[in-house]
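Fold and contact review
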Amino acid sequence: NPSESDTFNLSGDPSVFGIALRSGTAVLATGGDSTEVTTVNAGNPSTLSVLGTLDLSGNADATGVAVSGQRAYVTRNGGNEFAVVDITTPSNPSVLGELDLGKGANGLAAEGGFAYVAARSQGNEFQRVDAGTPSSLSVAGSAAVGAEPLGVFFSGSYAFLATAGNDRELVIIGGGEGGWANPTHVGSVDLGGGKPLLAVAVAGDYAYAGREKAEGNSEFVVFDVREPRTPLVAGQLEVNDSVHDVAILGHRAFLATDANAKELIIVDVANPGSPVELGSYNAPGNSDG
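Report follows, based on the coordinates. (Residues numbered from 1 in each chain as written. Predicted model: local features only at pLDDT ≥ 70, side-chain atom pairs only at ≥ 80, totals over all residues. Heavy atoms only, no water.)

Right, let's talk about the overall build of the protein chain for a bit. Looking only at helices and strands, one finds zero helices and 24 strands in the protein chain. Taking 289 residues into account, the globule formula puts the C-alpha radius of gyration at 19 Å, and the protein chain, at 18 Å, falls close to it. Burial status across the protein chain gives 48% buried among its 289 residues. Sequence separation of 24 or more characterises 37% of the internal contacts of the protein chain that already satisfy a separation of 6 or more. When the 14 positive and 33 negative side-chain charges of the protein chain are each reduced to one mean point, those points stand 5 Å apart. (Helix = DSSP H or I, 4+ residues; strand = E, 2+ residues; numbered from the N terminus. Rg over C-alpha atoms; globule rule 2.2 N^0.38 Å. Buried < 20%, exposed > 50% of the residue type's maximum accessible area, 1.4 Å probe, protein only. Contact = heavy atoms within 4.5 Å. Lys, Arg positive; Asp, Glu negative; His and termini not counted. Charge placed at Lys NZ, Arg CZ, Asp CG, Glu CD.)

Below, the structure is given as structure tokens:
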């Protein structure tokens, strides 16, 4: 029985395309022309407030954000598609470096000074950015995915991509010969039905993914990824609406959906082969989760 703690409107009512957390601060990737990066005081969830904003060069939307230490990595749908932002002082975020990846990016994951980017550049849809020196950013490995990646999650030694590919909705990328300087396709899953995966999160031996609404197909899918070269569908749940994002905590999956009466759905995944809806929350208005 989830309930709302607090809600507020950002100035200009921009869409929020990504959220990352750091020590009571939420860092938002938004569609605001002058507030692509917005920091929010989330230490007390019942009294949210904006701490600071950052206007990145150009008017491209921020599409994703990941936090690593005192830095936020941000992807955008045009211009310089990758940026490193200093969030040491959340009320005054500042740009440390930007990089042009070509044709936009849909999101990213961060690990150990590197960013793993879901890019739109055909033939280089997966890109690994060396962000160790923000003033001298560079692509330190790329791979063809064969489909546009819409979401990415890094876990262990692999990057997991949710894609729009009709025959490879889930793609797993690993370090090839020479390591991550030469990333390579490891495994994939064809779900059938022609609808893309929109988001993926990994916890332990399983990947949990959200899918665009698919008549006759489940929109929440659990994959067994214990053997990355041969990932398998472990379980599914019919949501009847698109699942745009997924987060995992313990044996719970939290789904952001476009169902008007349940933008948030909480699922019990203690048994990955048989996920069960536990509860849902109807957010005010008709905007999608």
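Now, onward.
Note on placement: Asn106 falls in strand β9 (residues 105-111). At 2.8 Å, the side chain of Asn106 and the side chain of Glu148 are in polar contact. Among the polar contacts listed, one links the side chain of Asn106 to the backbone oxygen of Pro149, at a separation of 2.9 Å. Other than its neighbours up to four places away in sequence, Asn106 contacts Thr63, Thr75, Ala118, Arg120, Glu148, Pro149 and Leu150. (Polar contact = N/O pair within 3.5 Å; in protein donor to acceptor, adjacent residues only side chain to side chain.)

Structurally, Val40 can be placed in strand β3 (residues 37-41). Sequence-wise, Val40 and Thr25 are 15 residues apart; in three dimensions their C-alpha atoms are separated by 5.6 Å. In this view, Val40 contacts Phe8, Gly24, Thr25, Ala26, Leu28, Leu48, Ser49, Val50 and Leu51; residues no more than four positions away in its chain are not counted.

Further remarks concern the sheet that holds strand β10 (residues 114-119). Pairing in this open sheet of four strands is antiparallel, and the strands run β9-β10-β11-β12 from one edge to the other. Each end of this open sheet is capped by a strand with a single partner; those strands are β9 and β12 (138-143). Geometrically, the sheet is characterised by an average inter-axis angle of 25 degrees between neighbouring strands, direction not taken into account. Inspection of the sheet shows β9 paired to β10 by six bridges, in the antiparallel sense. Residue pairing for β10: Ala109 is matched across the bridge by Tyr116. (Pairing = 2+ DSSP bridges. Axes fitted to C-alpha atoms, helices over the stretch in contact; angles between N-to-C directions.)

Counted according to the given criterion, the structure contains seven aromatic pairs. Seen from their ring centres, Tyr116 and Phe126 are 6.3 Å apart, and the 25 degrees between their planes marks the pair as stacked. Pair noted here: Tyr116 is in strand β10 and Phe126 is in strand β11 (residues 126-130), with a separation of ten residues, a long-range link. Each ring, one from Tyr208 and one from Phe220, has its centre 6.5 Å from the other, and the planes form 15 degrees; the classification is stacked. Of this pair, Tyr208 sits in strand β18 (residues 206-211) while Phe220 is found in strand β19 (residues 220-224), placing the two residues twelve residues apart along the sequence. An aromatic cluster of three or more residues is present, and its members are Tyr116, Phe126, Phe154 and Trp180. Of note, Arg128 hangs over the ring of Phe114, and the distance from its end group to the ring centre comes to 3.7 Å. (Phe/Tyr/Trp six-rings, centres within 6.5 Å; stacked < 30°, edge-to-face > 60°. Lys NZ or Arg CZ within 6 Å of the ring centre and 35° of its normal.)

When you line up the elements, Arg211 lands in strand β18. Only 2.9 Å separates the side chain of Arg211 from the backbone oxygen of Lys195, close enough to count as a polar contact.

For the rest of this paragraph, the subject is the sheet that holds strand β20 (residues 232-237). The antiparallel open sheet is built from four strands, whose spatial order is β17-β18-β19-β20. The open sheet is flanked by β17 (197-203) and β20, the only strands paired with a single partner. Here the strands of the sheet are splayed against their neighbours by 25 degrees on average, with no regard to which way each runs. Where β17 lies against β18, six bridges are found, and the strand directions are antiparallel. By the bridge assignment for β18, Ala199 is matched with Gly210.

Don't take any of this as a statement about function, it's just geometry.
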